[in-house]
Structure formats: C-alpha cells, structure tokens
Amino acid sequence: MPRTAADLLRHLETLVREESNHQREHLERQWSLPLGERVRRGYTLEGLSYIGLNERTGNLVFECMANNARFREGDYLFLHKSHPLLEPTLEVTLEVDDEKRLEFSLGSGNLVRIWGEPESWIADEGYMDLSGYYLDALAEVADRHVGRERILPLLLGEIGPQLDFTAYERGWTLASEAGLNASQAEALGQAYSTDLAYLIQGPPGTGKTLVLAHLVKLLAEEGERVLVTALTHRAIHNALGKIAKIAPDLPVCKIGPGARADGLTVDNFETFTQSQFEKIPDGYIIGATPFATRTERLSRVEFDTVVFDEASQITLPLAIMGMLAGKRYIFIGDDRQLPPVVTHQ
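Definitions and limits used
- Residues numbered from 1 in each chain as written.
- Predicted model: local features only at pLDDT ≥ 70, side-chain atom pairs only at ≥ 80, totals over all residues.
- Heavy atoms only, no water.
- Phe/Tyr/Trp six-rings, centres within 6.5 Å; stacked < 30°, edge-to-face > 60°.
- Helix = DSSP H or I, 4+ residues; strand = E, 2+ residues; numbered from the N terminus.
- Buried < 20%, exposed > 50% of the residue type's maximum accessible area, 1.4 Å probe, protein only.
- Lys, Arg positive; Asp, Glu negative; His and termini not counted.
- Salt bridge = Lys/Arg side-chain N within 4 Å of Asp/Glu carboxyl O.
- Contact = heavy atoms within 4.5 Å.
- Core = buried A, V, L, I, M, F, W, Y, C linked by side-chain atoms within 4.5 Å.
- Pairing = 2+ DSSP bridges.
- Axes fitted to C-alpha atoms, helices over the stretch in contact; angles between N-to-C directions.
- Polar contact = N/O pair within 3.5 Å; in protein donor to acceptor, adjacent residues only side chain to side chain.

K.L.:
An account of the packing of aromatic side chains is needed here, citing residue identities and associated values.
P.N.:
For the coordinates displayed, the defined rule picks out nine aromatic pairs. Between Y133 and F291, the ring centres sit 5.9 Å apart and the planes meet at 80 degrees, which makes this aromatic pair edge-to-face. Placement of Y133 in helix α3 (residues 131–141) and of F291 in the loop between β11 (284–287) and β12 (305–308) is noted, with a sequence separation of 158 residues between them. We classify Y133 as partly exposed; its relative accessible area is 31%.

K.L.:
So what about the side chain of E19? Which residues, and what values?
P.N.:
When you line up the elements, E19 lands in helix α1 (residues 5–31). Although buried, E19 forms no salt bridge, and the nearest oppositely charged side chain, R29, lies 11 Å from it. The residues touching E19, leaving out its near neighbours within four places in the chain, are V341, V342, T343 and H344.

K.L.:
How would you explain the environment of P251 if you had to name every residue and give the values?
P.N.:
With respect to the secondary-structure elements, P251 resides in the loop between α8 (233–246) and β9 (252–255). For P251, a relative accessible area of 23% translates into the label partly exposed. Between the alpha carbons of P251 and I285 there is a distance of 6.3 Å; along the sequence they are 34 residues apart.

K.L.:
Could you give an account of helix α10 (residues 316–323), naming the residues involved and the relevant values?
P.N.:
Of all eight residues making up α10, seven are buried, and the element is well covered by its neighbours. Among the residues making up α10, those that are buried are P317, L318, A319, I320, M321, G322 and M323. Looking at the buried residues of α10, the elements they touch are α1, α3, α4 (145–155), β12 and β13 (328–333).

K.L.:
Provide a residue-level description of the nonpolar core, including the pertinent values.
P.N.:
Generally speaking, nonpolar side chains in soluble globular proteins are found buried as a group. Core analysis: the largest hydrophobic core is formed by 42 residues, its most contacted members being L227, I286, L298, F303, M323 and Y329. Sorting the residues of this core by element identifies α1, α3, α4, β9, β11, β12, α10 and β13 as the ones contributing at least two each. Once you skip the residues sitting within four places of it in the chain, L227 turns out to touch I286, G287, A288, T293, L298, F303, T305, V306, V307 and A325. Counting residues in hydrophobic clusters, the runner-up holds 35 residues, among them A167, L218, I236 and I330.

K.L.:
Please set out the pairing of β11 residue by residue, giving values where relevant.
P.N.:
Covered by surrounding structure in β11 are Y284 and I286 together with I285 and G287, the residues of both alternating faces. Where β9 lies against β11, three bridges are found, and the strand directions are parallel. Within β11, the residue paired with V252 across the bridge is I285.

K.L.:
A description of unusual backbone geometry should follow, citing residues and the corresponding values.
P.N.:
The backbone of E99 shows a phi angle near 70 degrees, a positive value even though the residue is not glycine. Locating E99 in the fold gives a position in the loop between β4 (89–97) and β5 (101–106). Its identity as a non-glycine residue notwithstanding, Q276 has a phi of 65 degrees, on the positive side. One can find Q276 in the loop between α9 (272–275) and β11. Judged by its relative accessible area of 35%, Q276 falls in the partly exposed class.

K.L.:
Tell me about the pattern of salt bridges, and name the residues and values.
P.N.:
Tallied over the full model, the rule gives 17 salt bridges. Put simply, E222 and R170 hold a salt bridge, and the shortest N to O gap is 2.4 Å. One end of the pair, E222, is in the loop between α7 (208–221) and β8 (225–229); the other, R170, is in helix α5 (residues 165–177), with 52 residues separating them in the sequence. Bridged by salt links that share partners, the residues E37, R40 and R41 form one connected network.

K.L.:
I'd love a proper account of the sheet that holds β13, names of residues and values included.
P.N.:
Within a sheet, adjacent strands bond to each other through the backbone by hydrogen bonds, running parallel or antiparallel. Pairing in this open sheet of seven strands is parallel, and the strands run β7-β13-β12-β8-β11-β9-β10 from one edge to the other. Edge positions in the sheet fall to β7 (197–201) and β10 (267–269), since each has one partner strand and no second. With strand direction ignored, the average angle separating the axes of adjacent strands in the sheet is 20 degrees. Along the sheet face, α8 touches β8, β9 and β11 and points at about 170 degrees away from the line of β9.

K.L.:
Can you lay out the side chain of H80 for me, pointing to particular residues and giving the numbers?
P.N.:
Along the polypeptide, H80 turns up in strand β3 (residues 76–80). Within the structure, the side chain of H80 is placed 3.0 Å from the backbone nitrogen of H83, a separation counted as a polar contact. Contacts of H80, omitting those with residues within four sequence positions, involve R38, P88, T89, S120, W121, I122 and D124.

K.L.:
Outline α4, supporting the account with residue identities and numerical values.
P.N.:
Taken residue by residue, α4 has V146, G147, I151, L152, P153 and L154 as its buried positions. On its buried side, α4 packs onto α1, α3, β7, α10 and β13. Of the residues trailing α4, G157 is marked for its positive phi of about 75 degrees.

What follows is the structure, given as structure tokens:
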C-alpha cells in the first residue's frame, strides 16, 4: 500500500503505462492471426457492406450477412479492407449493433475513402491510447488544491467523510416523503449529508438509480452544480432520464458527441459553452463521461458534487479524472457486477 501521495501517484502512473503497452501488444498479437481465425474467435467481423449515412446522427451504416463478433456498442474498432494497420483504415466507434445492421461514428480517418469501395469491409478490435488523459489527470491532482487537500488524503486514508446529522435527517425525511423505502432513504440521507464522499452499494433491482435521481434532484434544488458521470454513455443516459422524469423542471443536459446521444431523453450539447448552462444562476445537472472533463467539452467547468454511476467499472485513475471536477464524491454501484475492463494483470 503506498504510504505517501508521491508513492501513490508513481504507482498509478506505472499501472497506466503498463496497461497501455499491454493493450497494444495484445491487439498486435490478435491482428497477427489469420483472418479466418480472428472471425472464428469473434475478434473480427468480415463482409461488411457500406449502405450510407444515418442522416439524423451522421453515423456510417453497414450491413452484413452474419455477425458472430463479440463487439459491444461503444467499442472502438478499426474498419479496413485487408488488415488493421494497412490503408484504407477508418477508426470508428460501434454505436448501434442490430446484428446484421451496424452503425459507426467516425473518429480519425477520412470519410472520402469509403466512396467507390462500398463492399467487403472488415472490422477489427481497435486501439485508442487514452493514457495521456490519465497521466495528465494524475499530474494535475498533485498540483491543484482539491487534489492535495481532498482527493489524495482521502485515497491514502488520511481523512474521511463526516456527516451532518441535521442534513441527514432532512435528506432521510424528504426521501421517505418521496416514496423511497427505508434502505433507499438511508442511503440518500447519508449521501446527502456527507462533506466528502459516500458509497451506495446494492445489487440489481434495489433502486440505486432511483436514489441517484432523488439525491441529484435535492442537491440541484439547493443550488448545487452536479456532474453525473459513468464509464458508459448508456449509464449516463439512464441516470439523466430518471432525473428528468422525477424533476422535469430542473435544468438537465448531457455534454458529449451527438453520435452518442441515442436513447437520451434530455438535450445533448457538444460543449458546455453551447449549453448556455453557465448563465443559470441556480443549480443544474450535467451528464458526461470523465474524459469530457479533460477536453474542450467540459474542461475548466467546476462542480459541487460528482456522482459516479456504475462505479464498479471505474478504475482509480479514471475516478481521479472525474473527481478533479468537483469537491464531493458519491459512488453508486455493485461490486458483484461488471468490473473495469483491463488486459494487464
């Protein structure tokens, strides 16, 4: 166990670099397999035919005869004609997987390459090196006041959360009046009254998203700026949808790419500036991934509370990235559900 902040940060930086290197090496070994073997193992999807653009989202739409790939929506892929490392290669994200109809949003690469070559595209697992985002956040946490005084001491066990019992009673009462059961009201009351951090844990079906929505509603009504974040866009959409349902009059939006807004029931904006939320004098709620806080989408925007949904999927460096955006941290999840996806032991 690291004993100092410097030890902890060095340890995390090493983990980030090792994971990045291992991911690249793992994929290069996978790409070296014959195409038929990659298809058989579910690593690769072949026989994709480009049929056009989704006019609403701008996604590339493809069809295939059979789909046995292990891809999931949100996966980063390389779309190519012969091999992932040979031209033409498009870096895409799988947005919609309806088995034989797939939609991809375009990353780097040139859309013009598609024209005149509509058939026989191949999709392989791709590699996006995000280590720079993690390393920048780890460097920043040691330089900023919130990092030195709150995040690092919390992670090292030097400080812990304190509860305001008056606030707890108020939160518990409001939760009960809203129809939450005893354990849900207890979770909301303690999360609402903490001065630093709180964890809400529960198996599926216990109402974690409902508690999240009522907690965020209460905080925003009291003038707090709340960031709701998660590893996946889908988790963010579910949380924002529940919030909007119980509090339709509160200002709620998502900051993120339009191509990742399917299923979202609140407004989506590419950047915080476009949302005009900085002009709101009272509390508001924004949903975004932790990575958005490191880009022009949401950088330098400060929040009072950061709520992490599906927290079991979030690695410690990713958590630090999100925590830098706020002063109080609520983690909601279940340690028996999906863990973070890592390739290095």
